[in-house]
Amino acid sequence: MTKDQIFEFFRLLAELNPAPETELEFGNVYQLLVAVVLSAQATDAGVNKATRALFAKVKTPEEMVALGEEGLKAHIKTIGLFNSKAKNVIALSEQLIAHHGSEVPQNRDALVELPGVGRKTANVVMNCAFGAETFAVDTHVFRVGNRTGLAKGKTPEQVEAKLEKRVPQPFRRDAHHWLILLGRYTCKARSPECWRCPEVELCSFRKKVLENPKKAKLTAS
DNA sequence: CTCCCGATAT
DNA sequence: ATATCAGGAG
């Protein structure tokens, strides 16, 4: 995509959804952090279903530690990978209490030190909680970046680096949200609905879909 | 690289 | 039946 095409792409996405937000539900920054950790390889809807009851009771790291690992597991049994997530959330909460005054640190390096928090989760928290212009590359952003040609790469880090270079203002703050929503509801992994995509010009994946709707895979050549 | 791992869509 | 879902740790 050329610079002009990229600008027009985001201009249209912004027009369709002027104020995109995460679909994860939370009442404070700590709950946001927990929700994002729980959302690995799970749907936002599934996470919200579990955290609704959890977050009504637990609003602080102290309350999470008091609930305990087994108590937490009881709340998140319906979420995949719940054993390792429960262990990480308890350990993460203990670490916040011990080293960060029970607050969520406001820089990526400190966030990544927390158990269960990788670069993607840290980027989400920095953006959604603190307004940083980070580009969290999850499965959707990775797929959309590669399909459209906006940001191709073999790893999430490579895609993030290209987004960092190519996404212009005033779209940098919300760019990753638009790409996630596009990936979740339009540029879907299984049955993409290309006719709804603003990127109508020369997306190589769309061409492939039009030529052979059944055989189009993750990336176009 | 493998393992973790339930709910949902296809 | 199986692919996919706001990945991260060992």
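Residues numbered from 1 in each chain as written. Chains lettered and ligands numbered in written order. Predicted model: local features only at pLDDT ≥ 70, side-chain atom pairs only at ≥ 80, totals over all residues. Heavy atoms only, no water.

So, the overall build of chain A
Formally: Secondary structure elements are taken from DSSP: a helix is a run of H or I of four residues or more, a strand is a run of E of two residues or more, and numbering for both begins at the N terminus. Computation of the radius of gyration draws on C-alpha atoms alone. For the globule rule, the value is 2.2 Å times the number of residues to the power 0.38. For the exposure calls, accessible area comes from a 1.4 Å probe over protein chains only, and a residue counts as buried if that area is under 20% of its type's maximum, exposed if over 50%, partly exposed in between. What makes two residues a contact is simply this: any of their non-hydrogen atoms within 4.5 Å. Only the protein chains shown count as cover for residues, with accessible areas throughout obtained via the Shrake-Rupley method and a probe of 1.4 Å. In this charge count, Lys and Arg are treated as positive and Asp and Glu as negative; neither His nor the chain ends contribute. For the purpose of locating charges, the reference atoms are NZ of Lys, CZ of Arg, CG of Asp and CD of Glu.
Helices and strands together make up the secondary structure of chain A, namely 11 helices and zero strands. Helices and strands appear in chain A in the N-to-C order α-α-α-α-α-α-α-α-α-α-α. By the compact-globule yardstick of 17 Å for 221 residues, chain A fits well, its C-alpha radius of gyration being 19 Å. Considering only C-alpha atoms, chain A reaches an extent of 55 × 35 × 30 Å along its principal axes. The proportion of buried residues among the 221 residues of chain A is 45%. Considering only intrachain contacts with a sequence separation of at least 6, the fraction spanning at least 24 residues in chain A is 57%. In the form shown here, chain A has an accessible surface area of approximately 11,400 Å², with 53% of it arising from carbon and sulfur atoms. Counting 32 positive and 25 negative side-chain charges, chain A places the centres of these two groups 9 Å from one another.

Observations concerning the UniProt feature "binding site: [4Fe-4S] cluster" (unreviewed entry) in chain A
Cut-off, in case you're wondering: UniProt positions are given in the numbering used here, feature names are shortened, and annotations may be inferred rather than shown by experiment.
The feature "binding site: [4Fe-4S] cluster" (unreviewed entry), as annotated in UniProt, sits at C187, C194, C197 and C203 in this numbering. These residues run over 17 residues, yet every pair of their C-alpha atoms falls within 11.3 Å of each other. Looking at the secondary structure, you find C187 in the loop between α10 (175-185) and α11 (204-211). Ignoring any residue separated from it by four or fewer positions in sequence, one finds C187 in contact with R143, V144, R147 and L182.

Comments concerning the protein's contact with DNA strand C
Test applied: Note on definitions. A residue lies near a molecule or strand when any single heavy atom of the residue is within 4 Å of it. As used in this structure description, the phrase polar contact means that two N or O atoms lie within 3.5 Å; if the pair is within protein, one of them must be able to donate a hydrogen and the other to accept it, and residues adjacent in sequence are counted only when both atoms belong to side chains.
Taken together, 27 residues sit near DNA strand C, with T121, H140, R143, I180 and R190 positioned nearest. A share of 61% is what sugar and phosphate atoms reach among the atoms of DNA strand C within 4 Å of the protein. In the model, a sugar or linking oxygen of DNA strand C is placed 3.1 Å from a nitrogen or oxygen of the D138 side chain. Between a base nitrogen of DNA strand C and a side-chain N or O atom of R190, the distance comes to 2.7 Å.

Some details on the protein's contact with DNA strand B
Note the threshold: When residue character is reported, Ala, Val, Leu, Ile, Met, Phe, Trp, Tyr, Cys and Pro are called nonpolar, Asp, Glu, Lys and Arg charged, and the others, Gly included, polar.
Near DNA strand B you find K49, K77, T78, I79, G80, L81, F82, N83, K188, R190 and S191, and these make up its full shell. The sugar-phosphate backbone supplies 60% of the atoms of DNA strand B found within 4 Å of the protein. At a separation of 3.3 Å, a base oxygen of DNA strand B approaches a polar side-chain atom of R190. For the surface near DNA strand B, a count of residues per class yields three nonpolar, four polar and four charged.

Comments concerning the UniProt feature "domain: HhH-GPD" (unreviewed entry) in chain A
The positions that UniProt labels "domain: HhH-GPD" (unreviewed entry) are, in the present scheme, residues 38-185. Between the C-alpha atoms that bound residues 38-185 there is a distance of 21 Å. The span itself is 66% helix and 0% strand.

A closer look at the layout of surface pockets
Heads up, the rule is: Using a grid of 1 Å spacing that covers the protein atoms alone, one calls a set of points a cavity when a 1.4 Å probe fits there but cannot get out, and a pocket when the set is open and has protein on both sides within 12 Å along at least five of seven lines; lining residues are those with an atom within 4 Å of a point. Grid points are joined across faces, edges and corners, and a volume is the space filled by probe spheres set on the points.
Of the pockets and cavities examined, the largest pocket occupies roughly 540 Å³. Lining the largest pocket are 25 residues; nearest its centre among them are S39, A42, D44, K120 and D138. Secondary structure elements with two or more residues in the lining of the largest pocket: α2 (29-38), α7 (119-130), α8 (139-148) and α10. In terms of residues, the lining of the largest pocket owes the most to one element, α10, which gives five residues. Partitioned by chemical class, the residues of the lining of the largest pocket number nine nonpolar, 10 polar and six charged.

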